[in-house]
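The chain contents come next:
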Amino acid sequence: MENKKSCDNCRYFYQHYYVSKHVKLTRVTGNGHCTNDNLTKTASRKIILKQHICEFWEPAETLIAERRENIYNLILKMKQRLDELAAILQE
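Sequence positions are assigned chain by chain, starting from 1 and proceeding in written order. Where totals are concerned, whole chains, interfaces and linings use all residues; where local detail is concerned, this predicted model gives features only for residues with pLDDT of at least 70, and gives and counts side-chain atom pairs only at 80 or more. As a rule here, side-chain values come from all non-hydrogen atoms in the structure, and water together with hydrogens is ignored.

Right, let's get into the overall build of the chain. Helix and strand content of the chain: two helices and two strands. Each helix corresponds to a stretch of at least 4 residues labelled H or I by DSSP, and each strand to a stretch of at least 2 residues labelled E; elements are numbered beginning at the N terminus. Seen in sequence order, the chain has helices and strands lined up from the N terminus as β-β-α-α. The size measure is the radius of gyration over C-alpha atoms, and the globule rule it meets is 2.2 Å times the number of residues to the 0.38 power. Computed over the C-alpha atoms, the radius of gyration of the chain is 20 Å, more than 25% above the 12 Å expected from 2.2 N^0.38 for a compact globule of 91 residues. Summarising its shape, the C-alpha atoms of the chain cover approximately 65 × 40 × 30 Å along the three principal directions. The classification of residues rests on relative accessible area computed with a 1.4 Å probe and restricted to protein chains. Under 20% of the type maximum is buried, over 50% is exposed, and intermediate values are partly exposed. Relative to its 91 residues, the chain shows a buried fraction of 18%. Across the chain, contacts joining residues at least 24 apart in sequence account for 38% of those joining residues at least 6 apart. Accessible areas in this description were obtained via Shrake-Rupley with a 1.4 Å probe; residue shielding takes into account the shown protein chains only. Of the accessible surface of the chain, which amounts to about 8,100 Å², a share of 56% is contributed by carbon and sulfur atoms. Side chains of the chain give 15 positive and 11 negative charges; the mean places of these two sets differ by 12 Å. We call two residues in contact when some of their heavy atoms are within 4.5 Å. Only four residue types enter the charge count: Lys and Arg as positive, Asp and Glu as negative, with His and the chain ends excluded. Note that the charge is assigned to NZ on lysines, CZ on arginines, CG on aspartates and CD on glutamates.

Printed below as a string of structure tokens:
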């Protein structure tokens, strides 16, 4: 089943939330902002409010994959540094 293109599933869209009195994180429907630098704030607000799709839409999965890869690379760098420190301490 193909996902419908919308701001909600775009890599550049950040959903706004609020914390209810029961300390539950709740989505504010139709409320968020676009982080794409190719759009002005005014243009992105109009697109979000009218629920149109802009030409810069990309699936949110690409952002998730990039974040996972970045985290993996950072962990590898941390491991290398820890190995260097362990070697220094053993001398």
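Having seen it, we continue.
Another aspect to go through is the packing of aromatic side chains. Here a Phe, Tyr or Trp ring, Trp counted by its six-membered ring, pairs with any other such ring whose centre lies within 6.5 Å, and the pair is stacked when the planes are under 30 degrees apart, edge-to-face when over 60, and tilted otherwise. Under the definition given, this model contains zero aromatic pairs. Cation over ring: arginine 11 sits above tyrosine 12, and NZ or CZ is 5.4 Å from the ring centre. Any Lys NZ or Arg CZ that is within 6 Å of a ring centre and within 35 degrees of that ring's normal is treated as a charge sitting over the ring.

In this description, a disulfide is simply a cysteine sulfur pair whose atoms lie within 2.5 Å. On inspection of all chains with the given rule, the structure shows zero disulfides. Lacking any disulfide linkage, cysteine 10 is separated from the closest cysteine sulfur, that of cysteine 54, by 6.0 Å. The exposure class assigned to cysteine 10 is buried, which follows from its relative accessible area of 9%. Cysteine 34 provides the cysteine sulfur closest to cysteine 54, a residue in no disulfide bond, and the two sulfurs are 5.9 Å apart.

Another aspect to go through is the pattern of salt bridges. Only one rule defines a salt bridge in this text: a Lys or Arg side-chain nitrogen within 4 Å of an Asp or Glu carboxyl oxygen. Applying the stated criterion across every chain yields a total of three salt bridges. Among the salt bridges present, the one from glutamate 66 reaches arginine 11, with a minimum N-O distance of 3.0 Å. Residue glutamate 66 is located in helix α2 (residues 60–90), and its partner arginine 11 is located in the segment before β1 (13–19); the two are separated by 55 residues in the primary sequence. Here glutamate 66 falls in the partly exposed class, since its relative accessible area comes to 40%.

Quick look at helix α1 (residues 41–50) now. Those residues of α1 that fall on the buried side of the exposure criterion are Ser44, Ile47 and Ile48. The buried residues of α1 occupy an angular sector of 95 degrees when projected down its axis, which confines them to one face. Residues of α1 that are exposed and angled more than 90 degrees away from the buried face: Lys46, Leu49 and Lys50. Once α1 ends, the next one or two residues include glutamine 51, with phi positive near 55 degrees. What the arc describes is the spread of directions from the helix axis to the C-beta atoms.

Turning our attention to the nonpolar core. For this analysis, a nonpolar core means a set of buried residues of the types Ala, Val, Leu, Ile, Met, Phe, Trp, Tyr and Cys, connected via side-chain atoms within 4.5 Å. Grouped together as the largest cluster of nonpolar side chains are eight residues: Cys7, Cys10, Phe13, Leu39, Ile47, Ile48, Cys54 and Trp57. Cysteine 54 has contacts with Leu39 and Ile47, leaving out every residue within four places of it along the chain.

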